[in-house]
Amino acid sequence: TLHLVEHYKHLGTHIDHRDVHVDNALSRVRSALSAYAPLAHKLYGSSLVSVRHRLHFFRTLVMSRLTHNLHVCALSARALKRVSAVYMRGLRRIHGSPRFSADNALNDLGVRRALGVDSVDALLLVARMRYLGRLVRQRPPTLVALLHFTSGTRRLPWVDLVARDTAMLSTLQLLPDGFPTFDGDPAAWSE
C-alpha cells in the first residue's frame, strides 16, 4: 500500500509535496539564532576565549540546530542562502570581522579560510555522503524504492543532488580509478 501525503517529516526535516524548503530553513534559522544571539558578544566575540573553543561552541550550540539532518533534503538556492547567512554571521563574529564593521576587508571565503572551516555546502555534502553510505550498506527496502522513483525522466531532487555530489568526487579524483559512475552504472556503483 502506498500512502500519499502532502507533508512528511523525515529525521526532523520537513518535506513538502510542493518541494518548498524555505519554511524548513527559516525554522532552523530561528532556532539557531535563538542559541547564537545571547552569546554573540560574550562568547563568540570575546578575545578572552580561544578561537578553537569559540568554533567548538558555535558548532555545538548553533550549527547543530541549523544543520541537524538537513542533508536529507535538496535545499533551494534561497533556503541555502538563509542557512549560510547564519553560519557566516557566527563565523564573522568569531573571526572579529562582522559584516557591518567599517574596516571589514574580508569576504566570506576569506573569513572561512582564516578560520580553517568549510562552507555550508561542503558540510552538507559530507553529511549527505555519510547518509548515502548508510543507505547503501543497510538498504532499507521502502526508502530505496522511494529513491528509485522517477516521473518520466525526472528523478527526485535529492537523488539528483547525490548524483552531482558523486560526479564531483570523481572529478576531484577522490575515488579510485575505474570506480563506476552513479549515473552510468548505479548497481555497480552501489556494490
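Calculation rules
- Residues numbered from 1 in each chain as written.
- Predicted model: local features only at pLDDT ≥ 70, side-chain atom pairs only at ≥ 80, totals over all residues.
- Heavy atoms only, no water.
- Helix = DSSP H or I, 4+ residues; strand = E, 2+ residues; numbered from the N terminus.
- Buried < 20%, exposed > 50% of the residue type's maximum accessible area, 1.4 Å probe, protein only.
- Contact = heavy atoms within 4.5 Å.
- Areas by Shrake-Rupley, 256 points an atom, 1.4 Å probe, with all protein chains shown as cover.
- Lys, Arg positive; Asp, Glu negative; His and termini not counted.
- Charge placed at Lys NZ, Arg CZ, Asp CG, Glu CD.
- Salt bridge = Lys/Arg side-chain N within 4 Å of Asp/Glu carboxyl O.
- Axes fitted to C-alpha atoms, helices over the stretch in contact; angles between N-to-C directions.
- Parallel < 35°, antiparallel > 145°, perpendicular 65-115°, else oblique.
- Left-handed = near helix turned anticlockwise from the far one by under 90°.
- Nonpolar A, V, L, I, M, F, W, Y, C, P; charged D, E, K, R; others polar.
- Phe/Tyr/Trp six-rings, centres within 6.5 Å; stacked < 30°, edge-to-face > 60°.

Colleague: Quick question: what am I supposed to make of the overall build of the chain here?
Modeller: Helix and strand counts for the chain stand at 9 helices and 4 strands. By its C-alpha atoms, the chain is 55 × 40 × 25 Å across when sized along the principal axes. A burial count over the chain gives 35% of its 191 residues as buried. Summarising the internal contacts of the chain: among those between residues at least 6 apart in sequence, 61% fall at separations of at least 24. For the chain, the exposed surface amounts to about 12,200 Å²; the carbon and sulfur share of it is 57%. Mean positive and mean negative side-chain charge positions of the chain (26 and 14 charges, respectively) differ by 11 Å.

Colleague: Please clarify how the pattern of salt bridges should be interpreted in this entry.
Modeller: A side chain of one charge can pair with a side chain of the opposite charge if their charged atoms are brought near each other. As enumerated under the stated definition, the model contains 6 salt bridges in all. The salt bridge partner of Asp108 is Arg92, with a shortest N-O separation of 3.0 Å. Taken together, the positions of Asp108 in helix H5 (residues 108-115) and Arg92 in helix H4 (residues 77-95) put the pair 16 residues apart, joining distant regions of the chain. With a closest N to O distance of 3.1 Å, Arg139 and Glu191 form a salt bridge. You can see Arg139 sitting in the loop between helix H6 (120-138) and helix H7 (141-147) and its partner Glu191 sitting in the segment after helix H9 (186-190), a full 52 residues away along the chain. With a relative accessible area of 41%, Arg139 lands in the partly exposed category.

Colleague: Looking at this model, I keep getting lost on the packing of H4 against H5. Mind explaining?
Modeller: How two helices sit against one another is set out by the angle between their axes and by the gap between those axes. At a closest axis distance of 10 Å, the pairing of H4 and H5 adopts a crossing angle of 60°. When the axis of H4 is compared with that of H5, the two are oblique. Considering how the two elements wind past one another, H4 and H5 form a crossing that is left-handed. Contacts from Tyr87, Met88, Leu91, Arg92, Ile94 and His95 in H4 reach Asp108, Val111, Arg112, Ala114 and Leu115 in H5. Its residues assigned to classes, the contact of H4 with H5 shows 7 nonpolar, 1 polar and 3 charged.

Colleague: So what exactly am I meant to see when it comes to the packing of aromatic side chains here?
Modeller: Any two aromatic rings considered together are summarised by their centre-to-centre distance and by the angle between their planes. Tallied over the entire structure, the rule returns 6 aromatic pairs. Taken together, a centroid distance of 5.8 Å and an interplanar angle of 85° make the contact between Tyr44 and Phe58 edge-to-face. Highlighted residues: Tyr44 in helix H2 (residues 40-44) and Phe58 in helix H3 (residues 51-67), separated in sequence by 14 residues. The exposure class assigned to Phe58 is buried, which follows from its relative accessible area of 1%. Feature note: the residues Tyr36, Tyr44, Phe58 and Tyr87 constitute an aromatic cluster, connected by ring pairs.

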